[in-house]
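Residue strings, one per chain:
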Amino acid sequence: MEFITTKSFEVAIYPHWDKNASRLALVLPGKLDSWQYRNLVSHAELLSQMWFYAMSFDPPGTWNSPWDSDKLYTTSNYLLAVEEIINYFWDRETFVAGKSRWWTLAILAWTRLEQVTWFASIVWWYTLNPELKNNYPNEKRKNKWYTTKRNSPPGIWPRDIELSLPYSFLEDEIQYHIEKDLPACTKPKMFIAWLQDTLVTPEFIKQWFELSAWPKRYHEIDFHHDYRESLEMINQVNWYIEEFVWDFY
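Residues numbered from 1 in each chain as written. Predicted model: local features only at pLDDT ≥ 70, side-chain atom pairs only at ≥ 80, totals over all residues. Heavy atoms only, no water.

Novice: How should I be thinking about unusual backbone geometry in this particular structure?
Specialist: Residue tryptophan 214 is joined to proline 215 through a cis peptide bond whose omega torsion reads 0 degrees. Inspection of the secondary structure assignment puts proline 215 in the loop between α7 (202–211) and β10 (216–221). (Helix = DSSP H or I, 4+ residues; strand = E, 2+ residues; numbered from the N terminus.)

Written out as structure tokens, the structure reads:
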């Protein structure tokens, strides 16, 4: 683990390989997830072997990255951190892969930042539109923070930790809709759907894959949302990532 100071944040990063590599790869943790989950570590290690300076990081407001009242864990701050980390490492050509909720961040970075050349989505929604997701406004959450438990990665204590989100998390995220970006952006993109996923169905992912401009790739894997539980599934995703990057590099 290292700490870097960007324009807006102090961020805990977890790099692999040579920082002088000509290409950068960012592997984005899912909602309140740790970079140390073995699927993210494995993807970063793979990309480092493909001559990327590969890393994951703790978004502002989570795990080892510090936070204060104006730097909470929000979509906007996460996206800003992605942009500033890319700029911190000299604006080099960048591959971004996002898992679960933060594949949305990968798409936002991919469509808005010139340095982001490739994009891989490992399942989530293409929009945070509250009408579609039916989770805003949420009267029950207005007066208290949302608290959830996360399993810590192996070797981390305590084994279960509680993480909390303010209502401002919902207020911030509803501004991000990507429907118009998907058919307009012609950078290479890859989508992975999980056939047993009840959180985000493969039919929904196929829908936004079809919205997207070419070139693009779509894969289905017969497993559920938390694929980090299976080394076989992690290796399957690694295979698709490797094939995708080599085909479009």
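Novice: Would you explain the packing of aromatic side chains in this entry?
Specialist: Here a ring pair, both rings aromatic, is described through the centre-centre distance and the interplanar angle of the planes. All chains considered together, the criterion is met by 18 aromatic pairs. With a centroid separation of 6.2 Å and an interplanar angle of 50 degrees, the aromatic rings of phenylalanine 52 and phenylalanine 95 are classed as tilted. In this pair, phenylalanine 52 sits in strand β4 (residues 52–58) while phenylalanine 95 sits in strand β5 (residues 93–99), placing the two residues 43 residues apart along the sequence. In this structure phenylalanine 95 comes out as buried when scored by relative accessible area, which is 0%. Consider the rings of tryptophan 194 and phenylalanine 223, whose centres lie 6.4 Å apart with planes at 70 degrees: the pair is edge-to-face. With a gap of 29 residues between them, tryptophan 194 in strand β9 (residues 189–194) and phenylalanine 223 in the loop between β10 and α8 (231–248) connect regions that are remote in the sequence. Judged by its relative accessible area of 0%, tryptophan 194 falls in the buried class. With relative accessibility at 16%, the residue phenylalanine 223 sits in the buried group. Joined through ring pairs, the aromatic side chains of Phe52, Phe95, Trp118, Phe244 and Phe248 make up one cluster. In this structure, lysine 216 packs its charged tip against the face of phenylalanine 209, placed 4.5 Å from the ring centre. (Phe/Tyr/Trp six-rings, centres within 6.5 Å; stacked < 30°, edge-to-face > 60°. Buried < 20%, exposed > 50% of the residue type's maximum accessible area, 1.4 Å probe, protein only. Lys NZ or Arg CZ within 6 Å of the ring centre and 35° of its normal.)

Novice: Explain the pairing of β9 here, please?
Specialist: Regular strands show a simple pattern: their side chains alternate between the two faces of the sheet. When you tally the buried positions in β9, you get six out of six residues, the bulk of the element. With burial as the criterion, each face of β9 is covered, one bearing Lys189, Phe191 and Ala193 and the other bearing Met190, Ile192 and Trp194. In this sheet, β9 lies alongside strand β6 (residues 116–122) in parallel orientation, the contact comprising three bridges. When the bridges of β9 are listed, serine 121 appears paired with phenylalanine 191. Two strands pair when backbone bridges link them, and β9 and β10 are joined in this way by six bridges, in the parallel orientation. Residue methionine 190 lies in a different strand from β10, and its bridge partner there is arginine 217. This β-α-β element, β9 to α7 to β10, shows right-handed connectivity. (Pairing = 2+ DSSP bridges. Right-handed = clockwise from strand over helix to strand, strands pointing away.)

Novice: Just to check I follow, could you spell out the environment of serine 56 for this structure?
Specialist: Mapped onto the secondary structure, serine 56 falls in strand β4. A residue is classified by how much of its surface remains accessible, and serine 56, at 2% relative accessible area, is buried.

Novice: Honestly, the confidence of the model for the chain in this entry has me stumped. Any pointers?
Specialist: Low pLDDT means the predicted coordinates in that region are not meant to be read closely. Here the chain averages 83 in pLDDT, while 86% of its residues score no lower than 70. Within the chain, helix α4 (residues 130–133) has the poorest average pLDDT of any element, 62, and strand β1 (residues 2–5) the best, 96. (pLDDT = per-residue confidence, 0-100.)

Novice: Could you clarify how one ought to interpret the packing of helix α1 (residues 38–49) against α8 in this entry?
Specialist: Between two packed helices, what matters for the description is the angle formed by their axes and the separation of those axes. It is at 10 Å that the axes of α1 and α8 come closest, and there the two elements cross at 30 degrees. You can see that α1 and α8 cross each other, and the crossing is right-handed. Residue-level inspection shows Arg38, Asn39, Ser42, His43, Leu46 and Leu47 of α1 in contact with α8, the latter providing Leu231, Ile234, Val237, Asn238, Ile241, Glu242 and Val245. Here the contact of α1 with α8 is composed, by residue class, of seven nonpolar, four polar and two charged. (Axes fitted to C-alpha atoms, helices over the stretch in contact; angles between N-to-C directions. Left-handed = near helix turned anticlockwise from the far one by under 90°. Contact = heavy atoms within 4.5 Å. Nonpolar A, V, L, I, M, F, W, Y, C, P; charged D, E, K, R; others polar.)

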